[in-house]
Amino acid sequence: METGAGAVIVDTGSTAAMGAEIRAFAEQHLGGVAAVLNSHNHPDHWFGNAAFEDRPTLALPQTQALCARNAPDYAESLYAILGAWMTGTKAVPPAQPLTAGTMEFGGRALRLLPLAGHTPADLVLIDERTGTLIAADLLFLDRAPSFPDADAATWLAALDVLERLDISGTLPGHGPFHRSNAALVQTRAFLRATDARLRQAAEAGLSPVEAMAAGPVPEFATLGANPEEYIRTVAQRWGDYEIEALPVIGGA
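Residue positions within a chain follow its written sequence, with the count starting from 1. Two thresholds apply to this predicted model, a pLDDT of at least 70 for residue-level local features and 80 or more for giving and counting side-chain atom pairs, whereas whole-chain, interface and lining totals are computed over all residues. In computing side-chain values, all of the structure's heavy atoms are included and hydrogens and water are not.

> Requested: an account of the sheet that holds strand 1 (residues 2-3), with residues and values cited.
The pairing of strands in a sheet happens through backbone hydrogen bonds and is either parallel or antiparallel. Think of it this way: DSSP has to see at least two bridges between two strands before they count as a pair. Strands are runs of DSSP state E lasting at least two residues, helices are runs of H or I lasting at least four, and both sets are numbered from the N terminus onward. Spatial strand order, 1-2-3-4-5: 5 strands in an open sheet with mixed pairing. Unpaired on one side and paired on the other, strand 1 and strand 5 (96-97) mark the two borders of the sheet. In terms of strand pairing, strand 4 (residues 57-59) meets strand 5 through 2 bridges, oriented parallel. Within the sheet, the bridge partner assigned to Ala 59 lies in strand 5 and is Pro 97.

Structure representation (structure tokens):
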């Protein structure tokens, strides 16, 4: 986002190269960089921070703590998955805390709204000048939402909050900018359907392999990153649904 003091960068990507590209664009076209805001702790949103070490990097306190705690595991996973694309990448967690309210950068105000659901701490921003909602990964559009740290009920409650906002357009964490509420509608429907599918599978006594084999909800099977994202969701979250569905066996 362009301001009179330079750009406010919301999230910096997965690698040093991605962060450097974002920094170069801001320097060439937006008057430099005023600050970086990290929306949540997933590494695809802050592993480009090293390109901005000389600028303020800010996040919610819980996000700061999660980034710092999980950085070694995130780095190991990303280097294993991305290989040479990770060259030169180092984890630089956000250094300064954010709280709810309004921050001004170069005469441009951003309203900060702390929520949760996709992760334990999800930062949503509203550009007061344009009414644009920067929803980060609380909203996806035409891409299957990811669930590694998700709580479906909390996430759905956050969507209710977003629905009540007076906004002019929405920028989801994954997907294109849109003037309508398409991302909210699709994300809500996906969450409800996927939560119900996993709950029913666990209650039926399926194994995680059987739940994976059943595949994603047909309505969402062709979204970007599916069926891989659905399989990853089962692998990551099956224990939660199984524990809820099955009686605890034990004695006094």
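What follows continues from the structure just given.
> Kindly report on the packing of aromatic side chains, identifying the contributing residues and their values.
Side-chain rings of Phe, Tyr and Trp, where Trp is taken by its six-membered ring, are said to pair if the distance between their centres is within 6.5 Å; with planes under 30 degrees apart they count as stacked, over 60 as edge-to-face, and otherwise as tilted. Counted under the stated rule, the structure contains 5 aromatic pairs. An angle of 50° between the planes, with centres 6.4 Å apart, marks the rings of Phe 140 and Trp 155 as tilted. With Phe 140 in strand 9 (residues 132-140) and Trp 155 in helix 3 (residues 152-163), the pair connects residues that are 15 residues apart, well separated along the chain. Overall, the relative accessible area of 1% leaves Phe 140 in the buried class. Relative to Phe 220, the ring of Phe 190 lies with its centre 5.3 Å away and its plane at 70°, an arrangement referred to as edge-to-face. Of the two residues, Phe 190 is situated in helix 4 (residues 182-203) and Phe 220 in the loop between helix 5 (208-214) and helix 6 (228-245); the sequence distance between them amounts to 30 residues. Per residue, the accessibility class of Phe 190 equals that of Phe 220, and both read buried. An aromatic cluster is defined as three or more aromatic residues linked by ring pairs; in this entry it consists of Phe 140, Phe 147, Trp 155, Phe 190 and Phe 220. A 1.4 Å probe rolled over the protein chains alone gives each residue an accessible area, and that area as a share of the maximum for its type sets the label: buried under 20%, exposed over 50%, partly exposed in between.

> Break down the pairing of strand 9 for me, with residues and values.
Both faces of the sheet carry side chains from a regular strand, because those side chains alternate between them. Judged by how many residues are buried, strand 9 sits mostly within the fold: 9 of 9 residues are covered. The pairing of strand 8 (residues 122-127) with strand 9 spans 3 bridges and is classified as antiparallel. Note that in strand 9 the partner of Ile 126 across the bridge is Leu 133. Here strand 8 folds back onto strand 9, and the loop between the two strands holds 4 residues, one of which, Gly 131, carries a positive phi near 75°. Handedness of the crossover is the feature at issue here: the chain leaves strand 9, passes through helix 3, returns alongside strand 10 (residues 169-174), and the resulting connection is right-handed. With the strands pointing away from the viewer, any crossover whose connection runs clockwise from the first strand over the helix to the second is right-handed.

> Kindly report on the packing of helix 3 against helix 4, identifying the contributing residues and their values.
Describing two packed helices takes the angle between their axes plus the distance from one axis to the other. What counts as an axis is a line fitted to C-alpha atoms, over the stretch in contact for a helix, and the angles between N-to-C directions run from 0 to 180 degrees. The geometry of helix 3 relative to helix 4 is characterised by a closest axis approach of 10 Å and an angle of 160° between their N-to-C directions. Viewed along their axes, helix 3 and helix 4 adopt a mutual orientation that is roughly antiparallel. Considering only the axes of helix 3 and helix 4, their crossing is left-handed. For the pair formed by helix 3 and helix 4, the contact residues are Ala 152, Trp 155, Leu 156, Leu 159, Asp 160, Leu 162 and Glu 163 on the first element and Leu 184, Thr 187, Arg 188, Leu 191, Arg 192 and Asp 195 on the second. When an angle is under 35 degrees it counts as roughly parallel; over 145 it counts as roughly antiparallel; between 65 and 115 it counts as roughly perpendicular; any other value is oblique. Note: crossing handedness is left-handed where the near helix turns anticlockwise from the far helix by less than a right angle, and right-handed where it turns clockwise. Contacts are residue-level and defined by heavy atoms, with any inter-residue pair within 4.5 Å sufficient.

> Explain the environment of Ala 183 to me, and be specific about the residues and the numbers.
Counting through the fold element by element, Ala 183 comes out in helix 4. A sequence separation of 40 residues divides Ala 183 from Arg 143, and the C-alpha atoms of the two residues are 9.8 Å apart. The contacts of Ala 183, once residues within four sequence positions are left out, are Leu 139, Phe 140, Leu 141 and Pro 172.

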